[in-house]
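Examining the three-dimensional arrangement
So you can see what is in the structure, the chains are spelled out below.
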Amino acid sequence: DNQLYRTFSSDFDDVDSSPLDEPRESMQYDVVIVGGGPAGLAASIRLKQLCSSKGIDLSVCILEKGSEVGSHILSGNVFDPRALEELLSHNNNEEDGDS
């Protein structure tokens, strides 16, 4: 049984209990992408597009330190949307049979 455990200094007040006895919550994913910026979002979108086209069900998780995905780098940013349009239009082309 491979479980992770948490430890807090306040847990050592009771000598008979060990902080290592407390299990941590965990979630299982097939792919974890660290960072919800343009590269992380593009990678996750493209990965899900490829899986969809192959009929594969893959769970993808994006870890972001901000309160929302992309909140640190996209707020107030001005960027050329061509790459995003190309990425998202790729899925539309596949649905139309134009891949």
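The structure displayed is predicted, hence computed values, not measured ones.

**Concerning the pairing of strand β1 (residues 31-34)**
Direction of pairing for β1 relative to strand β2 (residues 60-63): parallel, over a ladder of four bridges. Directly across from V31, in β2, lies its bridge partner V60. This β-α-β element, β1 to helix α1 (residues 38-54) to β2, shows right-handed connectivity.

**Here we look at the confidence of the model for the protein chain**
Summing up the model confidence of the protein chain, the mean pLDDT is 76 and the portion of residues at 70 or higher is 62%. For the protein chain, helix α2 (residues 82-96) is the element with the lowest average pLDDT, namely 70, and β1 is the one with the highest, namely 94.

**Description of α1**
Note on helix geometry: an α-helix contains 3.6 residues per turn, so any two residues three or four positions apart are oriented the same way. With 17 residues, α1 should cover 24 Å at 1.5 Å per step; its first-to-last C-alpha distance of 24 Å lies within 8% of that length. Remark: G55 follows α1 within two positions and exhibits a positive phi of approximately 75 degrees.

About the thresholds
- Residues numbered from 1 in each chain as written.
- Predicted model: local features only at pLDDT ≥ 70, side-chain atom pairs only at ≥ 80, totals over all residues.
- Heavy atoms only, no water.
- Pairing = 2+ DSSP bridges.
- Helix = DSSP H or I, 4+ residues; strand = E, 2+ residues; numbered from the N terminus.
- Right-handed = clockwise from strand over helix to strand, strands pointing away.
- pLDDT = per-residue confidence, 0-100.
- Expected span 1.5 Å × (residues − 1).

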